[in-house]
Amino acid sequence: MKKLVVLVLVLCLFALPALGETADVVSSASVADFYGAAGMTGDDLMNSINAYNGFFAIASVNPDGTPNVGFYIYSMVKLEDAYYLQLGLAPNQTTVNIDNGSSLMAIYAARPEGEGATYATAGARMNLEKVTDADVIAALKEIAPQGTEMFYLVTSVRPLG
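Please read all numbers here as calculations on a predicted model, not as lab measurements. Here the residue numbering is sequential within each chain, running from 1 through the sequence in written order. Residues qualify for local features only when their pLDDT is at least 70, as the model is predicted, and side-chain atom pairs are given and counted only at 80 or more; totals for whole chains, interfaces and linings, by contrast, use all residues. Think of the side-chain values as coming from all heavy atoms in the structure, minus any hydrogens and water.

> Looking at this model, I keep getting lost on the pairing of strand β7 (residues 150–158). Mind explaining?
Regular strands have side chains that alternate between both faces of the sheet. In this scheme, strands are said to pair when DSSP sees at least two bridges between them. The way it works is that DSSP assigns letters per residue, a run of H or I at least four long becomes a helix, a run of E at least two long becomes a strand, and they are numbered from the N terminus. In this sheet, β7 lies alongside strand β4 (residues 82–87) in antiparallel orientation, the contact comprising 4 bridges. Across the sheet, the residue bridging to Leu87 is Met150, located in β7.

> I keep staring at the packing of aromatic side chains and nothing clicks. Help me out?
Any aromatic ring pair is given by two values, namely how distant the centres are and how the planes are angled relative to each other. Only centres within 6.5 Å qualify two rings of Phe, Tyr or Trp (six-membered ring in Trp) as a pair; their planes then separate them into stacked at under 30 degrees, edge-to-face at over 60, and tilted for everything else. The final tally for this structure, using the stated rule, is 3 aromatic pairs. Ring geometry for Tyr52 versus Phe56: centroids 6.4 Å apart, planes at 40°, classification tilted. Think of it in three bands: residues with accessible area under 20% of the maximum for their type are buried, residues over 50% are exposed, and the middle band is partly exposed, with areas taken using a 1.4 Å probe on protein chains only. Take Phe56: its relative accessible area is 5%, and that puts it in the buried class. A ring pair is formed by Phe56 and Tyr74, whose centres lie 5.0 Å apart and whose planes are at 90°; its orientation type is edge-to-face. Of this pair, Phe56 sits in strand β1 (residues 54–61) while Tyr74 sits in strand β3 (residues 74–79), and the two are 18 residues apart along the sequence. With respect to burial, Phe56 and Tyr74 carry one shared label: buried. Three or more aromatic residues joined by ring pairs make a cluster, and in this case those are Tyr52, Phe56, Tyr74 and Tyr108.

Okay, here's the thing in structure tokens:
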């Protein structure tokens, strides 16, 4: 019986580091690009997103550290040399996470094309940063579709998977 108690205590000690870890928007599990380095970027990505012919998601982190993924349709605009996503979110947990300063990642998966295509392999994962500059927001509102003032600078783009 003593050996069993010691074994359980030792196993619990090995589990302690895992208890201290929290979820993030870009987990360490997402370091390899299964579909290769080629992905949608730049104007090709913007035009595909704005065709609204794919799957859209936004990932954030809840206050308790758990992940939150919402399926939202968004649009992309280009201002000077930067790309911005315009989100159209109704107040919900994702907007609460945004207000709490959560990191955001957007995922866009283009609908598969061609005979025999069964799942999306083209698209992008984009890290986002909230735009707070009033002048930039005003400039974006002039070129973006009508909607919210929720604009996010695309800070990095990676292949879909």
